[in-house]
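Survey of secondary and tertiary structure
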Amino acid sequence: MKLLFATSECAPYSKSGGLADVAFSLPPALKKAGNEVEIITPYYKCVKERFADEVEYVGNTYIRLGDADMYCGLFRGVLSDVPVWFVDNEELFYRDRLYGYSDDKFRFAWFSKVVIEVLPQLDFIPDILHCNDWETALSVIYLKDDQARRSDYRNIRTVFTIHNIAYQGQFGVEDLTTTFALDPGWYEGALGYEYENRHDVNLMKGAMLMADAVSTVSPQYARELHMHEYGKGLEGVCDLVESKMYGILNGIDPDHYDPSKDPRIPCNFSAAIKDGKETCKEYIQETFGLKKEKDWPLFAVVARLVEQKGIDLIQKVLPVMMKKGIQLIIFGQGDRKYTDYFYNCAELYKGQFGFSDQYTEEMAARVFAGADFYLMPSAFEPCGLSQMMAMRYGTIPIVHETGGLKDTVRPYSEFDGIGDGFSFVEYRPKSMMLAIDSAIKIYFAEHDVFEVIKDRCMRKDFSWKKSAQAYMKMYPDICGNGFDPNVTFKDAYEALEVVFGDLKEAQDEYLARQPDDYQTVCEIHIEGPGAGAFYVKFTKEGMEMRPYTYNDADVSFSTSFDNVYNMAIGTASWSKLFVNGQLKLDGNISKGAEMRYLLGTRRLETKKPVKKPKQGTRKKKS
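Residues numbered from 1 in each chain as written. Predicted model: local features only at pLDDT ≥ 70, side-chain atom pairs only at ≥ 80, totals over all residues. Heavy atoms only, no water.

Bringing the overall build of the chain into the picture now. Secondary structure summary: the chain contains 26 helices and 23 strands in total. Compactness check: the chain gives a C-alpha radius of gyration of 25 Å against a globular reference of 25 Å for 622 residues, within 12% of the reference. Referenced to the eigenvectors of the C-alpha coordinate spread, the extents of the chain come out at roughly 75 × 70 × 50 Å. Residues counted as buried form 58% of the 622 residues belonging to the chain. Of the contacts made within the chain by residues no fewer than 6 positions apart, 72% connect residues no fewer than 24 positions apart. Put simply, the chain shows about 25,800 Å² of open surface, and 48% of that area lies on carbon and sulfur atoms. (Helix = DSSP H or I, 4+ residues; strand = E, 2+ residues; numbered from the N terminus. Rg over C-alpha atoms; globule rule 2.2 N^0.38 Å. Buried < 20%, exposed > 50% of the residue type's maximum accessible area, 1.4 Å probe, protein only. Contact = heavy atoms within 4.5 Å. Areas by Shrake-Rupley, 256 points an atom, 1.4 Å probe, with all protein chains shown as cover.)

Have a look at this one:
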């Protein structure tokens, strides 16, 4: 499958937030999954200054948007074997910042138009055009316009990913024709936005309605978008596109964020050999002017200093934290009211509190590596990557249970010892302080437990492998052909290994309650594409999955690869498939209900029947 990833930023070339990290790591993961993938992004000033030697000039053309007929240079680079196309226009993109200019609406409208117009020059007509956030939303609209006239574009399908619904691309009604050069009918057709007595053009809304699929960056955030407090006025639109909305958790590149070989940190370490983390702690204590107290817990915040990131909560509890005998580092840029406050605190709590707004990726990695706890109390967080990065470096997260933070951090429970971080539900200073107190208690009173949690964090898999598999289910779905009809049993088995492995924690909880001699074996036969058989054995010790038949299996299922996959990820009902004749069951019928639980679909716990959604990994509405 051919995929073109359109993005307004892409690390390491350009970055202002998490989108750049996704563009850096998702396309290479999709390429490893067997796709042809290319990226297209603006050729900013920062790219020219730092990476001019790594890209080559390919050619140029002129792209018209309304009355403006503007030069468009094309440069080509390579990121992890993925071609990256850079769109050059110095009038629009040779600036000190990526965003924040009065003509941003034209800059990114023109870039969106370029994405569609230059496909023949790229010699790359994709099966899927994957657009991201409002800056590329108009590419979905311009493609729809062109598909009415161009037969070579008619088979292109579109995905629109919402990385943060708070930034929607809202502009005046007059911009529809003057800036975006669209027919006035598009206002009623998709782009009109009437909310709180405003009448605007909303680019994100238009892309959501017109795209073949809408995705967002975590399952929890996909559910939250239907709620007034999170939907930012688009919750009704989210309801309209529910049947084509997917919640797919972002990942990180585990090789890039690997403390055992990261050249950015002062001393390397690993889950097996953690000694170097103490050296990293001493380094950031010295760098941020803290006392070298190795026995004090060191908390850190690496974030944009804006209200969304929970900085107001940190302000309110900071004096209390300073009385607890701990250290705190805050590292990031943002609103002046916060930077002024934290600079004052650095003077007030010398040796205990450190602050810098001189942000660099290198220093951020050193803070992740040196801290004991990572504080991330975001009011809302579509996915969040910082908590994953921190955990990769053995820094235990303390998070507000929202969006991707809830999906990635399991709160520690004293009752059963399960968990890899700390969390709080109510967005209040007191609730956050209780979570911080729990972390402090573990650090001082149960340091062996602290080490266990730290070890879990470092070993947790946040790679793009699982997410790429979810995208690889979504892409064929919207092209109308399901899984590749030529999929081999090896491919099918490896995909199922990923999704079954992701259920290990729930399976272990169930198995822990069983008697010592417990054993049950399920044999699964894939029919059609990916045909073959494998078995899954459950014992008190855990799950064993093997690509072979098992003669004495307790129960045997036969169905298609699509059905097995969808049952495992919870988007298909076992009982409905059985009633419809799409699932054959042989053997011990009583084991069938048990296997439905162990293999991931826990519909038995659901009081109301769950309507089968469109195939793919998509959110379930709260």
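Once the structure has been displayed, the description carries forward.
This brings us to the packing of helix α13 (residues 276–287) against helix α16 (residues 361–370). Two numbers describe how α13 lies on α16: the axes approach to 7 Å, and their chain directions differ by 125°. Taken as axis vectors, α13 and α16 run oblique relative to one another. The interaxial crossing formed by α13 with α16 has left-handed handedness. Here α13 contributes Lys277, Cys280, Lys281, Tyr283, Ile284 and Thr287 to the contact with α16, which in turn contributes Met363, Arg366, Val367, Phe368, Ala369 and Gly370. (Axes fitted to C-alpha atoms, helices over the stretch in contact; angles between N-to-C directions. Parallel < 35°, antiparallel > 145°, perpendicular 65-115°, else oblique. Left-handed = near helix turned anticlockwise from the far one by under 90°.)

What follows covers the side chain of Thr7. By secondary structure assignment, the location of Thr7 is in the loop between β1 (2–6) and α1 (18–32). Relative accessible area serves as the criterion here: at 0%, Thr7 is assigned to the buried category. Here the side chain of Thr7 touches Glu9 through a polar contact of 2.6 Å, landing on its backbone oxygen. When near neighbours in sequence (up to four residues on either side) are disregarded, Thr7 contacts Leu19, Ala23, Ile39, Ile40, Thr41, Pro42, Phe111, Asn132 and Thr136. (Polar contact = N/O pair within 3.5 Å; in protein donor to acceptor, adjacent residues only side chain to side chain.)

A rise of 1.5 Å per residue sets the reference length of α13, with its 12 residues, at 16 Å; its end C-alpha atoms lie 17 Å apart and thus fit the reference within 8%. Turning to α13, its buried residues number three or more, namely Gly276, Lys277, Cys280, Lys281, Ile284 and Gln285. In this structure, the buried residues of α13 make contact with β13 (298–302), β14 (327–331), α16, α19 (429–445) and α20 (447–459). Trailing α13 by a residue or two, Gly289 shows a phi angle of about 75°, which is positive. (Expected span 1.5 Å × (residues − 1).)

A few words on the environment of Thr488. Tracing the sequence through the fold places Thr488 in the loop between α21 (465–479) and α22 (489–501). In this structure, the C-alpha to C-alpha distance between Thr488 and Ala531, residues 43 residues apart in sequence, is 7.3 Å.

What follows is about the sheet that holds strand β9 (residues 192–195). Each strand in a sheet pairs with its neighbour through backbone hydrogen bonds, running either in the same direction (parallel) or in the opposite one (antiparallel). Taken in spatial order, the three strands make up an open sheet running β8-β10-β9, and their pairing is antiparallel. Among the strands making up the open sheet, the edge pair consists of β8 (170–172) and β9. Recorded for the sheet is a direction-independent mean angle of 50° between the axes of neighbouring strands. Both β8 and strand β10 (residues 198–202) contribute to a ladder of three bridges, which runs antiparallel. Looking at β10, one finds that Phe171 is bridged to Val201. (Pairing = 2+ DSSP bridges.)

Structurally, Tyr341 can be placed in helix α15 (residues 336–348). Each C-alpha atom, one on Tyr341 and one on Gln315, is 8.3 Å from the other, the two residues being 26 residues apart in sequence. Not counting residues within four places of it along the chain, the set of residues in contact with Tyr341 comprises Gln315, Leu318 and Pro319. One polar contact links the side chain of Tyr341 to the main-chain carbonyl oxygen of Gln315, over a distance of 3.3 Å.

A few words on helix α4 (residues 104–117). Taking 1.5 Å as the rise per residue, α4 with 14 residues should run 20 Å; its terminal C-alpha atoms sit 20 Å apart, in good agreement. Buried residues dominate α4, accounting for 12 of its 14 residues. Taken as a whole, α4 has its buried residues at Asp104, Phe106, Arg107, Phe108, Ala109, Trp110, Phe111, Ser112, Lys113, Val114, Val115 and Ile116.

Let us now look at the pattern of salt bridges. Between side chains of opposite charge, a pair can form as their charged atoms come close. By the definition in use, this model includes 30 salt bridges. Across the salt bridge formed by Asp69 and Arg64, the nearest N and O atoms sit 3.9 Å from each other. The residue Lys281 makes a salt bridge to Asp372 at a minimum N-O spacing of 2.7 Å. Taken together, the residues Lys281 in helix α13 and Asp372 in the loop between α16 and β16 (373–376) connect sequence positions 91 residues apart. A network of salt bridges, in which partner residues are shared, links Lys15, Asp21 and Glu361. (Salt bridge = Lys/Arg side-chain N within 4 Å of Asp/Glu carboxyl O.)

Here we take up the sheet that holds strand β19 (residues 519–527). Taken in spatial order, the five strands of this open sheet run β21-β20-β19-β22-β23, and their pairing is mixed. Of all the strands in the sheet, the pair left with one neighbour each is β21 (542–546) and β23 (584–587). Across the sheet, the mean angle from the axis of one strand to that of its neighbour is 20°, orientation sign disregarded. With six bridges joining them, β19 and strand β22 (residues 555–560) adopt parallel strand pairing. By the bridge assignment for β22, Ile524 is matched with Phe557. Helix α23 (residues 504–512) contacts β20 (532–539) and β21 of the sheet and is inclined by roughly 125° relative to β21.

Fair warning: the whole summary comes from geometry, so function is off the table for now.
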